[in-house]
Amino acid sequence: MTQQIGDTARYAGDLTPQQAWDLLAQEGGAILVDVRSRPEWSFVGVADLSALGKRPILVAWQHWTPGPQGAVMVPNAAFADELAAAAPAKDAITIFLCRSGARSRAAAIAMTALGYARAYNLAGGFEGAHDAARHRGQVDGWKAAGLPWTQD
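Here's what I pulled together on the structure shown here. The structure presented is a predicted model; accordingly, all values stated were derived computationally and were not measured.

Describing the packing of aromatic side chains
- On inspection of all chains with the given rule, the structure shows three aromatic pairs.
- A centroid spacing of 4.9 Å and a plane angle of 85° characterise the contact between Trp 61 and Phe 79, whose relative ring orientation is edge-to-face. With Trp 61 in the loop between strand E4 (57-58) and strand E5 (62-67) and Phe 79 in helix H3 (residues 79-86), this residue pair connects regions lying 18 residues apart in the sequence. For the pair shown, Trp 61 and Phe 79 are each scored as buried.
- Here Lys 143 stacks its cationic end above the ring of Trp 149, 4.2 Å away from the centre of that ring.

Printed below as a string of structure tokens:
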């Protein structure tokens, strides 16, 4: 597990996609929380945990909303309540996943402050960073690691 410098007390740390998969496989109560938006789940895909007898928990960290110059992302004010309803065990290993690792890191920090003692960020997220052609899903992240995923 990797840890961001200066974040030791803010959340449990960063995991590679393989480390996340291994924890999900080894720890019965470990969960994966996908904090991306509904369009991302539908059009980009989601982690497939069926081989582990699990499903990712889908709770958006932010929502798209109309703005003066087009749609913008705004924080989901109900995120903590929605997560608590879906995953009430605050002592479980909780791995947060987003597109690239930024929103999920923010969610891990926020939920640690609310008592989720083992909140991890999946570094690289689902699609990872851009490659030389500015495409995602090839450099790092869940997809690039070759881990199972599905798409509507």
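Focus: the sheet that holds strand E8 (residues 119-122)
- As summarised here, the arrangement of the five strands in space is E1-E8-E7-E2-E4, forming an open sheet in which the pairing is parallel. Each edge of the open sheet is held by one strand with a lone partner, namely strand E1 (13-15) and E4.
- As defined by bridge partners, strand E2 (residues 31-34) adjoins E4 across two bridges and the pair is classed as parallel. Across the sheet, Asp 34 pairs through a bridge with Leu 58, a residue of E4.
- The strands touched by helix H4 (residues 102-113) within the sheet are strand E7 (94-97) and E8, with E8 carrying the most contacts at an inclination of about 175°.

Re H4
- In this model, H4 (twelve residues) spans 17 Å end to end at C-alpha, consistent with the 16 Å of a helix rising 1.5 Å per residue.
- Listing the buried residues of H4 in full gives Arg 103, Ser 104, Ala 107, Ala 108, Ile 109, Met 111 and Thr 112.
- Residues of H4 that are buried in the fold lie against helix H2 (38-43), E5, strand E6 (70-75), H3, E7 and E8.
- One or two residues past the end of H4 sits Gly 115, with phi positive at roughly 105°.

What counts as what
- Residues numbered from 1 in each chain as written.
- Predicted model: local features only at pLDDT ≥ 70, side-chain atom pairs only at ≥ 80, totals over all residues.
- Heavy atoms only, no water.
- Phe/Tyr/Trp six-rings, centres within 6.5 Å; stacked < 30°, edge-to-face > 60°.
- Helix = DSSP H or I, 4+ residues; strand = E, 2+ residues; numbered from the N terminus.
- Buried < 20%, exposed > 50% of the residue type's maximum accessible area, 1.4 Å probe, protein only.
- Lys NZ or Arg CZ within 6 Å of the ring centre and 35° of its normal.
- Pairing = 2+ DSSP bridges.
- Contact = heavy atoms within 4.5 Å.
- Axes fitted to C-alpha atoms, helices over the stretch in contact; angles between N-to-C directions.
- Expected span 1.5 Å × (residues − 1).

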